[in-house]
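Coordinates in review
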Amino acid sequence: MVDLYLATAVSDALRADLAARFTLHEGEPPATTRAIVGGGQMRLDAAMLDRLPALEIVAINGVGYDGLDLDALRVRGVRVTTTPGVLTEDVADLAIALLLAVFRRIAANDAAARGGGWKVPLGRRASGRRIGIFGLGKIGTAIAERAAPFAGELLYTARGEKPVAWRYLPDIAALAEASDVLILAAPGGAATDKIVDATVLGRLGPEGVLINVARGSLVDEAAAIAALQNGTIAGAGLDVFAEEPHVPEALRALEQVVLAPHQGSATVETRAAMAALVLANLDAHFAGQPLPTALRF
C-alpha cells in the first residue's frame with residue numbers, strides 16, 4: 001500500500017477511510033511517503049521536502065496553505081489540493097455569531113447566569129453598524145451577504161474593486177477608520193502577516209470591534225491585547241490565534257473578548273464534506289485522473 005503521512009489530526013471517520021487505502025504514518029514521515037494529509041496550518045518547507053523524495057501530493061483538509069513552501073513544491077512537481085467551497089457557509093455563520101456575541105455580551109452573560117448572577121452590564125446594539133470586511137473572496141462575500149440585512153453600511157477591502165454594491169476602500173487602515181466592525185476574512189501569508197497592527201487598531205477606534213475568522217497571523221496579537229486592555233478598541237471575537245492552540249492568558253482574562261478554538265468549519269456537515277474532498281483528490285491522483293480541487297501555483 002502507498003505510504004501516507006498524517007501531518008495533523010483528522011476525524012476518526014477520515015482516518016478510517018485513509019487507513020483502508022493507505023499505510024498511515026504519524027510522528028516522522030518515512031522517505032517512502034507519497035502523500036501527505038494535513039490541516040490548513042500545516043508547515044512544509046524545502047528541508048522537509050528534501051527528506052521526502054517520493055512525495056507526489058499534499059492534500060490539505062482546509063482552505064489555508066500559507067504554511068507550504070509553494071516554490072519548493074512546484075520545483076519537485078508535488079501537487080497540492082484543498083477543500084474550498086464546502087466550508088464557506090459555516091465560517092461566515094461563525095463570523096456573524098462572534099459579532100453578535102461581542103455586542104450582546106453572550107459569553108459573559110452566560111457565565112454570569114451560570115454562576116447565579118443576574119445583574120450584568122448593558123450590551124450594545126449590533127444592528128446599524130458600519131461593517132468592514134477585509135478580504136472579499138467566497139467567505140468574505142458570504143459574510144457580507146449575511147450582514148447586509150442589519151448593517152448600516154457594508155465596506156470592504158480586497159486586491160481590487162469588485163462588481164458589488166458595497167463600498168470599496170483601498171487599504172485596511174482606511175477600512176478600519178470607516179468601520180465600526182472590522183471582520184478579517186483574507187488568507188494568511190507574507191502579504192497579510194500582522195497587517196492588523198497598532199496603527200490599524202487605533203484607526204478602528206474605541207467603539208470598534210475586531211472579528212477574526214481568517215488566520216491568527218493577520219493580527220499583531222500583542223498590539224491587539226494592548227488595544228483591548230487600554231480601550232483603544234471596544235472588543236473582539238477571535239476564532240484564530242498567533243500560536244495555536246495557545247490562547248494568551250491576557251485574552252482569556254478580557255470579558256469583552258469572545259474566544260473560539262478555531263471552529264470556523266467545525267460542523268458535522270462541513271467536516272464530512274471536507275473529508276470527502278480529501279479522499280476524492282487522493283483517489284483521483286493515484287488513479288491518474290484529474291484532481292477535483294487542485295491548487296494552481
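So, how was this worked out
Residues numbered from 1 in each chain as written. Predicted model: local features only at pLDDT ≥ 70, side-chain atom pairs only at ≥ 80, totals over all residues. Heavy atoms only, no water. Pairing = 2+ DSSP bridges. Helix = DSSP H or I, 4+ residues; strand = E, 2+ residues; numbered from the N terminus. Expected span 1.5 Å × (residues − 1). Buried < 20%, exposed > 50% of the residue type's maximum accessible area, 1.4 Å probe, protein only. Phe/Tyr/Trp six-rings, centres within 6.5 Å; stacked < 30°, edge-to-face > 60°.

1. Some points on the sheet that holds strand β10 (residues 209-212)
Taken together, the seven strands give an open sheet; going across it, the order is β8-β7-β6-β9-β10-β11-β12, and neighbouring strands pair in parallel fashion. In the strand order of this sheet, the two ends are held by β8 (167-168) and β12 (257-259), each with one partner. Where β10 meets strand β11 (residues 235-238), four bridges bridge the pair, whose relative direction is parallel. Pairing of leucine 210 across the sheet is with alanine 236, part of β11.

2. Quick look at helix α4 (residues 88-103)
Think of an α-helix as turning once every 3.6 residues; residues three or four places apart then point the same way. With 16 residues, α4 should cover 22 Å at 1.5 Å per step; its first-to-last C-alpha distance of 23 Å lies within 8% of that length. A large share of α4 lies buried, amounting to twelve of its 16 residues. Among all positions in α4, only Thr88, Asp90, Val91, Ala92, Leu94, Ala95, Ile96, Leu98, Leu99, Ala101, Val102 and Phe103 are buried.

3. A few points about the packing of aromatic side chains
All chains considered together, the criterion is met by two aromatic pairs. On the numbers, 5.4 Å between centres and 55 degrees between planes, the contact of tyrosine 156 with tyrosine 168 is tilted. Of this pair, tyrosine 156 sits in strand β7 (residues 153-157) while tyrosine 168 sits in strand β8, and the two are twelve residues apart along the sequence. Classification of tyrosine 156 as buried rests on a relative accessible area of 1%. Among the residues examined, tyrosine 168 registers a relative accessible area of 23% and is labelled partly exposed.

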